[in-house]
Amino acid sequence: MADPNGYDDSFDDPFQPVGTRIESAPVPARREGGIAARAMAARGAPSDYLAGLNPEQRQAVETTEGPLLVLAGAGTGKTRVLTTRIAHILATGRARPFEILAVTFTNKAAREMKERIAGFVGGNVEGMAWLGTFHSICVKILRKHAELVGLKSSFSILDTDDQIRLIKQIIQAEGLDDKRWTARAFAGILDGWKNRALGPEDIAEGEARAFANGKGRKLYREYQERLSILNAADFGDLLLHVITLFKKHPDVLKDYQRRFRYMLVDEYQDTNVAQYLWLRLLAQGNPNVCCVGDDDQSIYGWRGAEVDNILRFEHDFKGATVIRLERNYRSTSHILAAASHLISFNEGRLGKTLFTDFSEPDHDLVSVASVWDSEEEARTIGEEIEALQTKGHSLNEMAVLVRASFQMRSFEDRFVTLGLNYRVIGGPRFYERLEIRDAMAYFRCVVQPSDDLAFERIVNTPKRGLGEATIKLVHGVARAERIPLMQAASQLIDTEELKPKPRNALKNVLDNFDRWRRQLEQMKHTELAEIILDESGYTEMWRQDRSAEAPGRLDNLKELIRSMDEFESMTGFLEHISLVMDRDSADATDAVSIMTLHSAKGLEFDTVFLPGWEEGLFPHQRSLDESGRAGLEEERRLAYVGITRAKKRAKIYFASNRRIHGQWQSSLPSRFLDELPVDHVEIAEPSTSYGGYGGGGYGPSRFDSHDPFDTGSYSTPGWKRAQRARSSEGFSEGGRGYQSARMKRQGPLTIEGELVAKSVSDTPSEYSLGERVFHIKFGYGAIKSIEGNKLTIDFEKAGVKKVIDSFVERH
DNA sequence: TCTCGAAGCTTTTTT
DNA sequence: AGCTTCGAGA
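First, a word on what this report is: a plain description of the structure on this page. Model, not experiment: these values are computed from the prediction.

Some thoughts on the overall build of chain A
A count of helical and extended segments in chain A gives 32 helices and 22 strands. Put simply, chain A has 811 residues, and 52% of those count as buried. Considering only contacts in chain A between residues 6 or more positions apart, those separated by 24 or more positions represent 75%. Total accessible area on chain A stands at roughly 36600 Å², and carbon and sulfur atoms take up 51% of it.

Right, dumping it as structure tokens:
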């Protein structure tokens, strides 16, 4: 990324800060060799980039004005249209690079788009400042206007892990049983709300009550307050804050509306309500919105995507043009026929019919094979891969696409024994690893002393004897004084609340951070990073660790520092990481890919293996339980995505027996098998002696009597969960007792963001000299001197001690 | 405060 | 079955 800080307008961008309205946009001096200059130089020869487009694609590129929905079926050249369109807008001088907003969902997609545009325009895409993910664009906007939504421009971005830990604290602070009401569960609910752009005040009463005996709304509110104290935003907030900003500050919105002359959204079927609202606000000033997507490939409903957005496009954006791209350039006619027939079982589609000229008599039919269990499945697929390999097919052109990641294991096992190269895509990501997150927490504490979550993570990693008891004290001070943990800790070590051992340990940690913070300015950030990990004892901790993973972790830490080198500063690096959690795994070796169907979207392979087509696994039972018909349709789209990944060969498998959660279960073939067109499918011969399931062969009649929506509903996990939830309601009014004493000191929860930065001396103690007070640990005593919020007290039993005022009570 | 054994969860994933 | 998380004892 050329712009590590994400909010640095070094490009030739006449951005006007809020308030200074641009009445007539000044034309900036064009930089020699800049993207616009080059693009405009290419003007007059549009045929260059338009050549080779089919009529529909060309129309999609040239319909620049007004709302446009491009329904791009699988393999119809969607990305090509998107990038050519941008090139076209630039080349015809309709807009300058920084006047185009182009949104994608993943960083990978953004990167690819940048590369391809660069290909058209000749190298330099720097000027495409507003090409990125929803989130990265929001961050960019927010950094500029943070104050308007109650944040400071330096706000940090919480990842899922931080979020869960924070929620957990809030649930505990509420005195709720954090087992019954798990942080994870609430995070999910919260996510749902934020995806729908609902603030604490907007959620429906019923929904707010459903969690934690009606405390849902309160928890939400408290969570948001904590975030603002921490000067942090979670992923959902990035969008929501921008929406709020746009709504409350029409002048700011207007600036952006004016700036973005053309807007493009990729994968529109994956947008959620918040993203839709975001786009709508921007589009109010300017109708040139082009959304590209495929309703048949909407597979992220479970994380808030609204297929409705794409289905309603014509309604929402008046006068919209709809263009269908139906000519498929990827797959054989058999594969297309299979996919099309399958997806036709879905209702409520916008409807596309993919076609291709790519049809030869020797093309393979889509194959369906029955196997005994997952081991045989892996064995069979392994053999087929080896057979193809001997025929000269590249492993890179083969992929095993599974429904759930636990299925990957049997393939890995098998491929290892066969000595077959494979790579797993989408496994645990680099930046999610424990050691990386720990290291990052150290860096975060250095850069942002108020990053409580980071501090908590590493105070006692490696072990320093700073256990729960000590942390609780620090927390107490922080909460009472409304200051960050580190600041609270530094106050605490001036007193005698702590025993000498933890006190020294804590002092040591704080001194270290102070020193590192000073070094930050003098030293190269990579060098400092190494120093931090060394001096903190973190590296040493893993060196001492005798477990098998330890050496790998040390390698990862080295890799982390190496990757920091690409960034200009620690801050730039941290920003990048919080938004870009993926890592380029540009691996040159020839290998079979193993991945989930979800992560396969957008990819293509000559040969695709689709194992595990069994009822309960695919379609997944939980999807059916939770979302009924809609769930089934989404699963079907997933099947469609799977099949359409194949260029030449699609091979489907189902096992009669599968071990799920350690339990062997016999399984029925997926209903999706019956939805494949007989003419384009062959039933593969059982490759091993005990092939086949139950009665042999699969027949369409099998499921006729099998309505998934009224069978066995009393034993499904969903029903059981519902039962459990119901029975638990009512008698969990507990958590009384010690809670009330604690609550007293918390005071009002409405806080101005600035209070966070307040230092001790500003808040004089409410106690007076000579006053008799009670301290939980030291007992009764009289105040001898006051220094800010630190009191020196002569205790009747414990003698003279220095303590913090929030730990004593008047008596 | 740390370490070990027991007890719970396990769909899909990005930012 | 296997991984993480939690609670009891050293």
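Side note on empty space enclosed by the protein
This model, assessed by the stated rule, comprises two cavities of 30 Å³ or more. Put simply, the second largest cavity is a space of about 40 Å³. Along its surface, the second largest cavity is lined by Ser156, Ile157, Leu158, Asp162, Leu230, Ala232, Arg444, Ser450, Asp451, Asp452 and Leu453. When residues of the lining of the second largest cavity are traced back to their parent elements, those giving at least two are β4 (156-157) and α20 (452-458). Considered class by class, the residues forming the lining of the second largest cavity number five nonpolar, two polar and four charged.

Quick look at the pattern of salt bridges
Opposite charge on two side chains makes pairing possible when the charged atoms of those side chains draw close. Here the structure, examined in full by the defined rule, presents 58 salt bridges. With a closest N to O distance of 2.6 Å, Glu635 and Arg403 form a salt bridge. With Glu635 in helix α29 (residues 621-644) and Arg403 in the loop between β10 (398-402) and α18 (408-418), the pair connects residues that are 232 residues apart, well separated along the chain. On the basis of relative accessible area, Glu635 is assigned to the buried category, the value being 3%. Its relative accessible area of 16% is what places Arg403 among the buried residues.

A word on the environment of Gly616
Relative to the elements of secondary structure, Gly616 occurs in the loop between β13 (605-610) and α29. The exposure class of Gly616 is partly exposed, given its relative accessible area of 21%.

Brief notes about the protein's contact with DNA strand C
Lys168, Lys179, His661 and Gly662 make up every residue found near DNA strand C. Close to the protein, within 4 Å, the atoms of DNA strand C are drawn from sugar and phosphate at a rate of 69%. Lys168 is positioned such that a nitrogen or oxygen atom in its side chain is 2.9 Å from a phosphate oxygen of DNA strand C. When its residues are assigned to classes, the surface near DNA strand C shows no nonpolar, two polar and two charged.

Notes on the packing of helix α24 (residues 525-535) against helix α26 (residues 550-564)
Two elements in contact, α24 and α26, have axes separated by 8 Å at closest approach and are oriented at 155°. Classified by the angle between their axes, α24 and α26 sit roughly antiparallel to one another. Considering only the axes of α24 and α26, their crossing is right-handed. For the pair α24 and α26, the contacting residues are His525, Thr526, Ala529, Glu530 and Leu533 in the first and Leu557, Ile561 and Met564 in the second.

Some points on the protein's contact with DNA strand B
Around DNA strand B sit 28 residues in total, of which Arg403, Ser405, Gly467, Thr596 and Arg622 are the nearest. The contact atoms of DNA strand B, taken as those within 4 Å of the protein, divide so that sugar and phosphate hold 57%. Between DNA strand B and Gly465, the relevant distance is 3.5 Å, taken from a phosphate oxygen to a main-chain nitrogen or oxygen of the residue. Within the contact set of DNA strand B, a base oxygen lies 3.4 Å away from a side-chain nitrogen or oxygen of Glu626. Of all the secondary structure elements, the ones that give two or more residues to the surface near DNA strand B are α21 (468-481), α28 (597-600) and α29. Here the residues of the surface near DNA strand B are counted per class, giving seven nonpolar, 14 polar and seven charged.

Some words on helix α11 (residues 235-248)
Every α-helix carries 3.6 residues per turn, so stepping three or four residues along brings you back to the same face. The end-to-end C-alpha separation of α11 is 20 Å, in line with the 20 Å expected for 14 residues at 1.5 Å each. Within α11, ten of the 14 residues are buried, which leaves the element mostly enclosed by the surrounding structure. Of the residues making up α11, those classed as buried are Gly236, Asp237, Leu238, Leu239, Leu240, His241, Val242, Ile243, Leu245 and Phe246. Residue Asp234 occupies the N-cap position of α11, its side-chain oxygen lying 3.1 Å from the main-chain nitrogen of Gly236.

Considerations on the packing of helix α17 (residues 374-390) against α18
Packing of α17 against α18 brings their axes to within 9 Å, and their N-to-C directions diverge by 50°. By the angle between their axes, α17 is oblique relative to α18. Between α17 and α18 the crossing geometry is right-handed. Contacts between α17 and α18 pair Ser374, Glu377, Ala378, Arg379, Ile381, Gly382, Ile385 and Glu386 from the former with Ser410, Phe411, Arg414, Phe415 and Leu418 from the latter.

Thresholds, definitions, all that
Residues numbered from 1 in each chain as written. Chains lettered and ligands numbered in written order. Predicted model: local features only at pLDDT ≥ 70, side-chain atom pairs only at ≥ 80, totals over all residues. Heavy atoms only, no water. Helix = DSSP H or I, 4+ residues; strand = E, 2+ residues; numbered from the N terminus. Buried < 20%, exposed > 50% of the residue type's maximum accessible area, 1.4 Å probe, protein only. Contact = heavy atoms within 4.5 Å. Areas by Shrake-Rupley, 256 points an atom, 1.4 Å probe, with all protein chains shown as cover. 1 Å grid on protein atoms, 1.4 Å probe; cavity = no way out; pocket = protein on both sides within 12 Å on 5 of 7 lines; lining within 4 Å. Points joined across faces, edges and corners; volume = space filled by probe spheres on them. Nonpolar A, V, L, I, M, F, W, Y, C, P; charged D, E, K, R; others polar. Salt bridge = Lys/Arg side-chain N within 4 Å of Asp/Glu carboxyl O. Near = heavy atom within 4 Å. Polar contact = N/O pair within 3.5 Å; in protein donor to acceptor, adjacent residues only side chain to side chain. Axes fitted to C-alpha atoms, helices over the stretch in contact; angles between N-to-C directions. Parallel < 35°, antiparallel > 145°, perpendicular 65-115°, else oblique. Left-handed = near helix turned anticlockwise from the far one by under 90°. Expected span 1.5 Å × (residues − 1).

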